[in-house]
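Listed below are the residues making up each chain.
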Amino acid sequence: MSDNKFTLYYFQASYYSQKAILALFEKGCPFNRKIINIQNGEQKTPEYMKMNPQGLVPLLKDGDKIVVESEKIIDYVDDQVKSGPKLVPDPNTSVGKEVKRLREFIDAIRIEIVTYGLLFNPELSTTGIKLPKMVTNVKRFKEKTQENVASLEEAAQKYPDLRDNYIAKYQKTKKFYEDTMNKENVIEHLEDTEHRCEYLEECLKRSKESSGGEEYWLTGTQFNAADILLVVFMDRIVMLGLEDRYFCKTKRPLLYDYLQRIGQRKSVQMLRADVKTAFTMTLWNAAKAAVPYVVVLGLAIGAGVWLMKNKSRVINAFVEK
Ligand SMILES: N[C@@H](CCC(=O)N[C@@H](CS)C(=O)NCC(=O)O)C(=O)O
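Keep in mind that what you see is a predicted model, and the values were worked out from it rather than measured. (Residues numbered from 1 in each chain as written. Predicted model: local features only at pLDDT ≥ 70, side-chain atom pairs only at ≥ 80, totals over all residues. Heavy atoms only, no water.)

A. View of the site of the ligand. Taken together, the residues surrounding the ligand are Ser14, Tyr15, Tyr16, Ile38, Gln43, Gly55, Leu56, Val57, Pro58, Glu69, Ser70 and Lys169. Residue glutamate 69 places a side-chain N or O atom 2.8 Å away from a nitrogen atom belonging to the ligand. At 2.7 Å, a side-chain N or O of lysine 169 approaches an oxygen atom of the ligand. Contact with the protein chains hides 77% of the accessible area of the ligand, taken as 510 Å² for the molecule alone. Looking at the shell around the ligand residue by residue, the classes come out as six nonpolar, four polar and two charged. (Near = heavy atom within 4 Å. Polar contact = N/O pair within 3.5 Å; in protein donor to acceptor, adjacent residues only side chain to side chain. Areas by Shrake-Rupley, 256 points an atom, 1.4 Å probe, with all protein chains shown as cover. Nonpolar A, V, L, I, M, F, W, Y, C, P; charged D, E, K, R; others polar.)

B. How the structure looks around the sheet that holds strand β3 (residues 59–62). One open sheet accounts for four strands, arranged β2-β1-β3-β4; its pairing is mixed. What marks the edges here is a single partner per strand, and that holds for β2 (31–35) and β4 (65–68). Strand-to-strand, the axes of this sheet are offset by a mean angle of 20 degrees, without reference to chain direction. Pairing of β3 with β4, which is carried by four bridges, proceeds in the antiparallel orientation. Across the sheet, residue leucine 60 finds its bridge partner in β4, namely valine 67. Sitting on the sheet, helix α1 (residues 15–27) is in contact with β1 (6–10), β2 and β3, with an inclination near 155 degrees to β1. Where helix α3 (residues 70–80) meets the sheet, it contacts β1, β3 and β4, and its direction lies at approximately 130 degrees from that of β4. (Pairing = 2+ DSSP bridges. Helix = DSSP H or I, 4+ residues; strand = E, 2+ residues; numbered from the N terminus. Axes fitted to C-alpha atoms, helices over the stretch in contact; angles between N-to-C directions. Contact = heavy atoms within 4.5 Å.)

C. Geometry of the side chain of arginine 196. Tracing the chain through its elements places arginine 196 in helix α9 (residues 183–210). Judged by its relative accessible area of 17%, arginine 196 falls in the buried class. Residues in contact with arginine 196, not counting those within four places in the same chain, are Phe105, Ala108 and Ile109. (Buried < 20%, exposed > 50% of the residue type's maximum accessible area, 1.4 Å probe, protein only.)

D. Just a nonpolar patch on the surface, in detail. The grouping of Leu297, Ile301 and Val305 at the surface amounts to a nonpolar patch, some 280 Å² of accessible area in total. Residue placement: valine 305 occurs in helix α13 (residues 266–309). (Patch = residues over 30% accessible without salt bridge, like charges linked within 9 Å, V, L, I, M, F, W, Y side chains within 5 Å. Salt bridge = Lys/Arg side-chain N within 4 Å of Asp/Glu carboxyl O.)

E. Spotlight on the environment of isoleucine 73. Here isoleucine 73 is to be found in helix α3. Separated by 168 residues in sequence, isoleucine 73 and glycine 241 have C-alpha atoms that sit 29 Å apart. Every residue in contact with isoleucine 73, bar those within four places of it in the chain, is listed here: Ala20, Pro58, Leu59, Leu60, Val67 and Val68.

F. Broad picture of the packing of aromatic side chains. The final tally for this structure, using the stated rule, is 16 aromatic pairs. Between the aromatic rings of phenylalanine 120 and phenylalanine 141, the centroid separation amounts to 5.0 Å while the plane-to-plane angle is 55 degrees, which identifies the pairing as tilted. Taken together, the residues phenylalanine 120 in helix α5 (residues 111–120) and phenylalanine 141 in helix α7 (residues 138–158) connect sequence positions 21 residues apart. With respect to burial, phenylalanine 120 and phenylalanine 141 carry one shared label: buried. Three or more aromatic residues joined by ring pairs make a cluster, and in this case those are Tyr116, Phe120, Phe141, Phe176 and Tyr177. One cation-aromatic arrangement involves arginine 261 over tyrosine 216; the distance from NZ or CZ to the ring centre is 4.4 Å. (Phe/Tyr/Trp six-rings, centres within 6.5 Å; stacked < 30°, edge-to-face > 60°. Lys NZ or Arg CZ within 6 Å of the ring centre and 35° of its normal.)

G. Just the domain arrangement of the protein, in detail. Taken domain by domain, the protein comprises domain 1 (88–262) and domain 2 (290–320). Taken over C-alpha atoms, the centre of domain 1 sits 54 Å from the centre of domain 2. (Domains from an automatic or database assignment.)

Rendered as structure tokens:
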């Protein structure tokens, strides 16, 4: 058993989990990982719902203490771990105020609506969603969302002590799918995201001007919690195939340049490697789910071949009877 202080419950492909992981990587802090595969509904098990009644990832455990909400996890990790860069500068300083404001500003982007909205309406992507076909198949994706809502209704019946939490999650999830299937609504969110990118470009311009030629990030020469949000946000936009729209070299050169530079950061490379493991997991799960069909098909083919080879013997056996 490892003596790491923290255990992170997370899913590699989850946006909010990625913020927490990136913070831990930045701090250089080893941690135990518990993968909660949200594609398989592991966040809805009663064991997990008891730890986080909202049934969401990420969740950080430090001994008996449980911290939920990605922004709170970043604050907590930064406060507890003295190594690595200071991610959350003192909110009483001017840079601290700016970091706080920008974290709230980026966190206000309804990335889940943008993500699911694009999965339901892939034609809104400009360069194409960079995900395996089995995830982006709209028909299958819609079926999965219906199964998800139904499973929450069932769980509410099955686990009376958690009934209220399951009902709250059921209602929230149902409303969320309605919002994301509504193309007009998704378009509005995409426009809001565009305005926010425009503002972030201005912030980078200010940061560049004040950096005196040094390497600069969102609020100055120190990479901090505001950058964590920006990195994860940009990677999601690239995954959804919207980078041409938001970080176009001619329209927003500083965001474009930032995207090129962040890939050189060790923590970001580690994050990206971790995200990739989610896709391997999805493919592996799909292969496992296909095993029974492959076995039945194999047996059927084997029986067919045997029958063809032994046709005359089988007919004779019947005739004799
Ligand atoms: N405000 C929360 C949002 C967490 C969240 O929405 N997590 C998503 C994954 S990115 C999730 O757990 N979804 C599973 C579900 O809705 O059942 C945070 O910042 O941690």
